[in-house]
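# Report on the structure
Here is how the chains run, residue by residue.
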Amino acid sequence: QIELKKEEAVVSTQSTGEQEAKVKKREAKAKDLKKTYDEHMELEKMIKEQQKIAEKRNEEEIRLYANAKKKMAELRKRREGELFQSFQDHQQAMVNHLSTLIKEQVDDEDSRIAQAVAERDAKRLAEEEAAKHKRAQMQQNINKHRVETMNMNDMKIDQTKKDQNLDLQRRVCEDQAYFTEQEERNKGRKMEELEVQSILQQQAADRSKKFQVDRHNELEADKRSAQMVKEEEDEFQRYADAVIDTAKERGRPVGPLIKAKNAGAGGGNGPIFEGKSNLRPSYQANDAYGNQLPRFANGAAKKVNELSSTSNRLGFVW
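This is a predicted model, so every value here is computed, not measured.

### Thoughts on the overall build of the chain
Of regular secondary structure, the chain possesses three helices and zero strands. Sequence-ordered secondary structure for the chain, helices as α and strands as β, is α-α-α. Across the chain, contacts joining residues at least 24 apart in sequence account for 39% of those joining residues at least 6 apart. Only carbon and sulfur atoms are counted for the fraction: they give 56% of the accessible area of the chain, which is about 28,300 Å².

Printed below as a string of structure tokens:
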């Protein structure tokens, strides 16, 4: 127990020392913070004082600049007033000088005017006398020129009449020659037209005769072709009859052969088309001159037309 008490006493002593150390440390830290705060406040105070001094200095400079500008404006205004007054004085002096000169000139002008009037009157009288003499001379010259002009005009009129008569006779002769030449040209042109008309009529007659000859040859060729087709058809009919008879004897169906035996190739149900190898189509694909008509069926009709260009007949080896 004694040892325990001693240990407790030691621990208590150590705890008290640590607490005192912490307290001292906090007090020292608080003093440092206060010192730092005081220094900061002192610095802010100094900065504010410096700002106030700078503001006062700026205000003083602005005031000095405003005073200087005001003085300069006053000096400029004063200088402008002096210049204006100087200009007014100079202008007034010039006006006074001109007034003096004009007065002197007016005094001397009366005498000069009187002398000028006398000289002008004398000059005017002389000019009137010269003009009167000149007008008389001009009138004399005008009368003389008028008489000469009238005589010349009479001569010109006579000459013009003579020239017009000669020109009229010349134009009459030229017109007669022109009309004669035109009549000769018209006669020649009419003869040429008659010759051309005769040539054209002969050419038309030749063309008509040639067309008739060609048409006659075509018709003869068509007749010969039709005769050949007829002979071939007759021969085929004889052959078809023999084939049908043989088929009947053998007991074979002869209906298709009889249908194929009908006159005209193609195996159609329509009338025989005599315009092209006696084709018998189911419809007429060409007119009498072989011109293609409108097509309204399928390709089977084309095949029928193609078959008509050969001598093959359906169901027969021909």
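Let us keep going from here.
### Brief notes about the packing of aromatic side chains
Within the structure shown, the criterion is met by two aromatic pairs. For the ring pair F236 and Y239, a centre distance of 6.4 Å and an interplane angle of 45° mean the geometry is tilted. With F236 and Y239 both in helix α1 (residues 2–249) and three residues apart, this pair spans about one turn of that helix. Residue F236 is classed as buried on the basis of its relative accessible area, which comes to 1%.

### With respect to the pattern of salt bridges
Per the counting criterion, the structure on display carries 12 salt bridges. Between R63 and E60 there is a salt bridge whose closest N-O contact spans 2.1 Å. With R63 and E60 both in helix α1 and three residues apart, this pair spans about one turn of that helix. Residue class for R63 comes out partly exposed when judged on its relative accessible area of 42%.

### Here's the deal with the side chain of E233
Take E233: it is sitting in helix α1. Within the structure, E233 has its side chain in polar contact with the side chain of Q237 (distance 2.7 Å).

### Quick look at a nonpolar patch on the surface
Taken together, L98, L101 and I102 make up a surface patch of nonpolar side chains, about 260 Å² in accessible area. One can find L98 in helix α1. Classification of L98 by relative accessible area gives partly exposed; the value is 46%.

### Details of the environment of A240
Within the secondary structure, A240 sits in helix α1. With a relative accessible area of 0%, A240 lands in the buried category. Considered as a pair, A240 and A260 are 20 residues apart in the sequence and their alpha carbons are 8.8 Å apart.

### Thoughts on the confidence of the model for the chain
With 75% of its residues at a pLDDT of 70 or more, the chain has an overall mean of 77. In the model of the chain, helix α3 (residues 300–307) stands out as the element of lowest mean pLDDT, 53, in contrast to α1, which has the highest, 82.

Thresholds, definitions, all that
Residues numbered from 1 in each chain as written. Predicted model: local features only at pLDDT ≥ 70, side-chain atom pairs only at ≥ 80, totals over all residues. Heavy atoms only, no water. Helix = DSSP H or I, 4+ residues; strand = E, 2+ residues; numbered from the N terminus. Contact = heavy atoms within 4.5 Å. Areas by Shrake-Rupley, 256 points an atom, 1.4 Å probe, with all protein chains shown as cover. Phe/Tyr/Trp six-rings, centres within 6.5 Å; stacked < 30°, edge-to-face > 60°. Buried < 20%, exposed > 50% of the residue type's maximum accessible area, 1.4 Å probe, protein only. Salt bridge = Lys/Arg side-chain N within 4 Å of Asp/Glu carboxyl O. Polar contact = N/O pair within 3.5 Å; in protein donor to acceptor, adjacent residues only side chain to side chain. Patch = residues over 30% accessible without salt bridge, like charges linked within 9 Å, V, L, I, M, F, W, Y side chains within 5 Å. pLDDT = per-residue confidence, 0-100.

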